[in-house]
Amino acid sequence: VNTLAISPSGKTFATGGADRTIKLWHYDDGVVLAVGIGHSGNITKLTYSPDGRMLISVGDEGGIFMWSVPQDAA
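Please read these numbers as outputs of a predicted model, since none were measured by experiment. (Residues numbered from 1 in each chain as written. Predicted model: local features only at pLDDT ≥ 70, side-chain atom pairs only at ≥ 80, totals over all residues. Heavy atoms only, no water.)

Honestly, the nonpolar core in this entry has me stumped. Any pointers?
Among soluble globular proteins, nonpolar side chains are generally buried collectively. A5, A14, I22, L24, I43, L46, Y48, L55, V69 and A73 form the largest nonpolar core, which has ten residues in total. Listing elements by their share of this core, those giving two or more residues are strand 3 (21-26) and strand 5 (43-48). With three residues, strand 5 is the single largest residue contributor to this core. Sequence-distant contacts of I22, that is, excluding residues within four places in its chain, are made with A14, T15, A34, V35, G36, H39, I43, L46, L55, S57 and W67. (Core = buried A, V, L, I, M, F, W, Y, C linked by side-chain atoms within 4.5 Å. Buried < 20%, exposed > 50% of the residue type's maximum accessible area, 1.4 Å probe, protein only. Helix = DSSP H or I, 4+ residues; strand = E, 2+ residues; numbered from the N terminus. Contact = heavy atoms within 4.5 Å.)

Below is the structure:
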């Protein structure tokens, strides 16, 4: 894991790393709710939008992705 971000609601958190995937986790249960695949390099930074409905990821290949967070996880 290279980066971790906690949602504004505190219900979920997201991780990203050298496996080039983003995982969205339920904070209390530790269950993976969603997996995002798209980066071709290591994921170096994650952040949520202020309303928690979007997750922004940055990879060391220069890619910047915007991901929709499932409504029940925001």
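Please explain the side chain of S7 as it appears in this structure.
With respect to the helices and strands, the residue S7 is situated in the loop between strand 1 (3-6) and strand 2 (12-16). In this structure S7 touches T12, F13 and Y48, once residues within four positions along its chain are discounted.

Any chance you could explain the pattern of salt bridges here in plain terms?
When their charged atoms lie close together, side chains carrying opposite charge are able to pair. In the structure shown here, the tally under the stated rule is one salt bridge. A salt bridge links K23 to D19; the shortest N-O distance between them is 3.1 Å. (Salt bridge = Lys/Arg side-chain N within 4 Å of Asp/Glu carboxyl O.)

Explain the sheet that holds strand 7 (residues 64-68) here, please?
Either a parallel or an antiparallel arrangement is found when strands of a sheet pair, and the pairing is made through backbone hydrogen bonds. The three strands are arranged 5-6-7 in an open sheet whose pairing can be described as antiparallel. Lying at the two open borders of the sheet, with one neighbouring strand each, are strand 5 and strand 7. Neighbour-to-neighbour, the strand axes of the sheet open up by a mean angle of 20°, direction not taken into account. In this structure, strand 6 (residues 54-59) lies alongside strand 7, joined through five bridges in antiparallel fashion. When the bridges of strand 7 are listed, L55 appears paired with W67. (Pairing = 2+ DSSP bridges. Axes fitted to C-alpha atoms, helices over the stretch in contact; angles between N-to-C directions.)

Help me out: how do you make sense of the pairing of strand 7 in this one?
Each regular strand displays side chains that alternate between the two surfaces of the sheet. For strand 7, a buried count of zero out of five residues is recorded, marking the element as mostly open to its surroundings. The hairpin formed by strand 6 and strand 7 contains four residues between the paired strands, and G62 there has a positive phi angle of roughly 100°.

What is the right way to look at the sheet that holds strand 2 in this model?
Sheet architecture is open: four strands sit in the order 1-2-3-4, paired in antiparallel fashion. The open sheet terminates on both sides in strands that have one partner only, identified here as strand 1 and strand 4 (32-37). Strand-to-strand twist of the sheet, defined as the mean angle between neighbouring strand axes without regard to direction, takes the value 15°. As defined by bridge partners, strand 2 adjoins strand 3 across five bridges and the pair is classed as antiparallel. The residue of strand 3 that forms the bridge with F13 is W25.

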